[in-house]
Amino acid sequence: MGSYRNRALDKRSLTTISRKTASTTMNSLESVAQSLTRLSITPSASITHAETNSPASWRETLLATSSAPKSFELIKTLVYKPNTTKTAIPVPVVVIAREGTETSSSALGKMLNLKELSLASEDLLADFFALDKNSLSLLSLTSETFPKVVTVVDASITSSSSTFALHALSSSATVFLSGQDILSYLRKLETDELKYDIAAAPSKPTAKEKEVAKIDGAVQIAIGVKKEVDFSAWYQSVLIKAEMLEYYSISGCYVLRPWSYSIWEEIQNWFNKKIKAMGVQNVYFPMLVSQQMLEREKDHVEAEVAWVTRAGGSDLEEPVAIRPTSETVMYPYYAKWIKSHRDLPLKLNQWSNVVRWELKHPQPFLHTREFLWQEGHTAHLTKAEADKEVREILNLYRRLYEELLAVPVIPGIKSEKEKFSSALYSATIEGFIPSSGRGVQAATSHCLGQNFSRREMFNIMVEDPNDPSGQGKTFAWQNSWRLSTRTIGVMTMVHGDNQGLVLPPRVASIQAVVVPCGATAKSSDEDRARINNACDDLAKSLIDGGIRAKADLREYHTPGYKFNVWEQKGVPLRLEIGPNDLAKQQTLTVRRDTGAKIPVAFADLATMIPRMLETIQSDMFQRALAEYNAHVKEVIRWEDFVPTLDSKCIAVIPWCEREACEDDITERSDRAAEPQDERAPSAGAKSLATPFEQERWSPIKPGETKCVGCGQGAKRWTMFGRSY
């Protein structure tokens, strides 16, 4: 039983329709016209045109078509999927609205009493309507599809005198209908079981209901969500099921469990060795910053600062901040310790936590209120020395991502708008998440210039040994560079699959797990013990050979259960031993990244297992690199810019490097983009980096090559994209 209701959505009235079963669709303009004729509906125009892949390109194409009406409005058709249990059949919510109508998924969810609406995937659209998002319209609602979805219609459509453009079940065909035509079409779909009534918006769920919803299904074994269908839910499920983290009682804060913290330890060990070879020493400074000291950086520290205002039952005389970064904590002591040019360079690094309170939509590892990082702070005599270190550190970050995490990155320079505001310039390595089509700032290395050392800041000044008079003074040149636990989130997003986490061997705390198999109810205790002992001996021999290994000898779980658990946790290699394997003196190896199964003789394990782990590491990087490269597109026309973003790619454009142009690109691309989930970051593109490797793209010709954003002269190729 469904209902057809008049409701409100944001600032516009909406009309709601419910229904239950699924779907065949008409595939040509002729069949659409025939269907409308049977309903006594005559379009004001019906046209075919070039394929369109975004609202902006659709509008531009129609405006350029002489047979289209001179005045029209686009009708957008959005399909949302409610959050459901693993076994429930999803009932999509279809929103049909004028192009300018704001469609709030949270308001819609409250109205319909549905949890966490998110935009439906292409797979779901294909399952229900046999259409892609660029072809979908209310005409895909038929007597067969109508009962299976909940439809919400912008009620202002029916009272408008405008002509509306709708996709004719194709991205290359459009029909133009009046508001009354649209209402007539929908009313023809009603049955005796669907009655028109007025209903109040659902009440807000109580705190108890929210808590129950949050932990629903927490003990399920399987991941339960497809990465390609609901990426956000998949990511959260993987982190929980793989025992990477636990949610904490304060929003934006998380418990890092041993499985994820061990990855951070591998990162620490690798990076510590590299920076100590450069003469960097580790230190630790307090996490509290006085208000007076933080005031020195007031132009650079925004509302993200968390303040301590009480101690016990008393208010503090002066609030103290929890460090959002450590410049103002460390640099007074640099001024104290650096008295001569002979005290330079000073190179310090600390591994610490920081707190930033500005987050509205926390995302584990990527955007959190508290996170772990290393922050290096160095002081140098000359700019040349500082510049050299910026690139050396950035190269270490690149190697860390590529050699440890098997994640490709592109090194480059941040724009003036996107750089660290206190820096002279910021170098960056930019990663990419193919499943979401978003870039991610993986790590940064900043040249601070003399911004913090100058007299009115921290006065870090020494005599200038290059001054012939011997009287000259110079301010120190400073750098800061940071890498955080964001690394773990990026690695998870890039490599994980529908079975769970996929760990690169070099950061896996368990590189190989040995599982006994093949015992049956008829197996004797001696047979079981013989298999278990063989597994235990094999794990010990691998450990002796430098492999991080474990034998899973738990008696209360089946081999299948163990396979699933270790697959979810991403262990790179599984070794199985059963009665037949013992007879053949071999083990069956199973790769986590590909599922490939290879029998290996016990005698060859010492050489084969390390070789297989290195192959897995290399293969994971090469696959991720090929995926990244396939999503980096050279774009030379604005018409192709937003469609490139909508196809989940990064647009590399000739750019003038003006901040006003960047602001305009962000605003225009946000306005022209396809609708995004409210919880997702902005749909507008921003500059990610100007890559150092400019030779990868066509040469910029001064005076000839134009900026894609504004048409002025372009300087360099720059990556633009949506980002986390």
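Remember, it's a predicted structure, so these values are computed and weren't measured experimentally.

Student: How should the sheet that holds strand S15 (residues 306-311) be read in this particular structure?
Tutor: Within a sheet, adjacent strands bond to each other through the backbone by hydrogen bonds, running parallel or antiparallel. The strand order S14-S16-S15 describes an open sheet built from three strands, whose pairing is antiparallel. Edge positions in the open sheet fall to strand S14 (288-290) and S15, since each of these has one partner strand only. Averaged over all pairs of adjacent strands, the angle between strand axes in this sheet comes to 45°, irrespective of strand direction. Across five bridges, the pairing between S15 and strand S16 (residues 314-322) is antiparallel. Bridged to Trp307 within S16 is Ala321.

Student: What exactly am I supposed to notice about the pattern of salt bridges here?
Tutor: Pairing between side chains becomes possible if they bear opposite charge and their charged atoms approach one another. Scanning all chains against the criterion turns up 31 salt bridges. Glu430 is the partner of Lys414 in a salt bridge, and the nearest nitrogen-oxygen pair spans 2.9 Å. One end of the pair, Lys414, is in the loop between strand S19 (410-413) and strand S20 (425-433); the other, Glu430, is in strand S20, with 16 residues separating them in the sequence. In this structure, the salt-bridge partner of Glu657 is Arg716, at a minimum N-O distance of 2.7 Å. A residue pair is termed long-range when its members are at least 10 positions apart, and Glu657 in the loop between strand S31 (650-655) and helix H19 (659-672) and Arg716 in strand S33 (residues 716-721) qualify at 59 residues. Among the residues examined, Arg716 registers a relative accessible area of 34% and is labelled partly exposed.

Student: Just to check I follow, could you spell out the pairing of strand S24 (residues 477-484) for this structure?
Tutor: The side chains of a regular strand alternate, first on one face of the sheet and then on the other. Most of S24 sits out of view: eight of its eight residues are buried. Burial of S24 is two-sided: the residues Trp477, Asn479, Trp481 and Leu483 facing one way and the residues Gln478, Ser480, Arg482 and Ser484 facing the other way are all buried. In the sheet, strand S18 (residues 370-380) pairs with S24 via eight bridges, with the strands oriented antiparallel. Looking at the pairing, Thr378 lines up with Asn479 of S24.

Student: Please clarify how the packing of aromatic side chains should be interpreted in this entry.
Tutor: Each aromatic ring pair is characterised by the separation of its centres together with the angle its planes make. All told, the structure shown has 22 aromatic pairs when counted by the stated rule. Centroid distance Phe271 to Trp481: 6.2 Å. Interplanar angle 70°. Geometry classified as edge-to-face. Of this pair, Phe271 sits in helix H9 (residues 258-277) while Trp481 sits in strand S24, and the two are 210 residues apart along the sequence. By the burial criterion, Phe271 is buried, and Trp481 matches it.

Student: Can you help me understand the nonpolar core in this one?
Tutor: What tends to happen in soluble globular proteins is that the nonpolar side chains get buried as a cluster. Counting 62 residues, the largest nonpolar core has Phe271, Tyr401 and Leu405 as its most contacted members. A per-element tally of this core places helix H12 (residues 383-404) first, with nine residues. Of all hydrophobic cores here, the second largest spans 33 residues; its members include Ile41, Val94, Phe129 and Ile157.

Student: Would you explain the pairing of strand S21 (residues 438-449) in this entry?
Tutor: Of all 12 residues in S21, 11 are buried; the element is thus mostly enclosed. As paired elements, S20 and S21 share nine bridges and run antiparallel to each other. For Ile429, the partnering residue across the bridge sits in S21 and is Ala443. Turn length for the S20-S21 hairpin, with the two strands adjacent in sequence and antiparallel, is four residues, and the turn residue Gly437 shows positive phi of about 70°.

Student: What's the story with the side chain of Thr368 in this structure? I'm lost.
Tutor: Relative to the helices and strands, Thr368 is located in the loop between strand S17 (346-355) and S18. Within polar-contact distance, the side chain of Thr368 engages the backbone oxygen of Glu370 at 2.8 Å.

Student: In this structure, what is going on with a negative patch on the surface? I would like to understand it.
Tutor: A cluster of acidic residues, Glu51, Glu122, Asp123, Asp127, Asp132 and Glu228, forms a negative patch at the surface. As for its placement among the helices and strands, Asp123 is situated in helix H4 (residues 122-129).

Student: Quick question: what am I supposed to make of the packing of helix H8 (residues 231-241) against helix H13 (residues 486-495) here?
Tutor: Angle between the axes and distance between the axes are the two parameters that describe a pair of packed helices. Between H8 and H13, the shortest axis-to-axis distance is 11 Å and the interhelical angle comes to 115°. When the axes of H8 and H13 are compared, the crossing they make is right-handed. On the side of H8, the interface is formed by Phe231, Trp234, Tyr235, Val238 and Leu239, while H13 contributes Gly489, Thr492 and Met493. Residues of the contact of H8 with H13, tallied by class, amount to six nonpolar, two polar and no charged.

Student: I'm lost on the sheet that holds strand S29 (residues 597-601) in this one. Help?
Tutor: Spatial ordering of the open sheet is given by S26-S25-S27-S28-S29, a layout of five strands whose pairing is mixed. Single-partner strands in this sheet number two, and they are strand S26 (549-551) and S29. Geometrically, the sheet is characterised by an average inter-axis angle of 25° between neighbouring strands, direction not taken into account. For strand S25 (residues 512-516) and S26, the ladder comprises three bridges, and the chain directions are parallel. Directly across from Val513, in S26, lies its bridge partner Lys550. Contacts between helix H15 (residues 559-568) and the sheet are confined to S25, S26 and strand S27 (573-577), with S25 contributing the most and set at about 170° to the helix.

Calculation notes
- Residues numbered from 1 in each chain as written.
- Predicted model: local features only at pLDDT ≥ 70, side-chain atom pairs only at ≥ 80, totals over all residues.
- Heavy atoms only, no water.
- Pairing = 2+ DSSP bridges.
- Helix = DSSP H or I, 4+ residues; strand = E, 2+ residues; numbered from the N terminus.
- Axes fitted to C-alpha atoms, helices over the stretch in contact; angles between N-to-C directions.
- Salt bridge = Lys/Arg side-chain N within 4 Å of Asp/Glu carboxyl O.
- Buried < 20%, exposed > 50% of the residue type's maximum accessible area, 1.4 Å probe, protein only.
- Phe/Tyr/Trp six-rings, centres within 6.5 Å; stacked < 30°, edge-to-face > 60°.
- Core = buried A, V, L, I, M, F, W, Y, C linked by side-chain atoms within 4.5 Å.
- Polar contact = N/O pair within 3.5 Å; in protein donor to acceptor, adjacent residues only side chain to side chain.
- Patch = residues over 30% accessible without salt bridge, like charges linked within 9 Å, V, L, I, M, F, W, Y side chains within 5 Å.
- Areas by Shrake-Rupley, 256 points an atom, 1.4 Å probe, with all protein chains shown as cover.
- Lys, Arg positive; Asp, Glu negative; His and termini not counted.
- Charge placed at Lys NZ, Arg CZ, Asp CG, Glu CD.
- Left-handed = near helix turned anticlockwise from the far one by under 90°.
- Contact = heavy atoms within 4.5 Å.
- Nonpolar A, V, L, I, M, F, W, Y, C, P; charged D, E, K, R; others polar.

Purely geometric numbers; function is a separate question.
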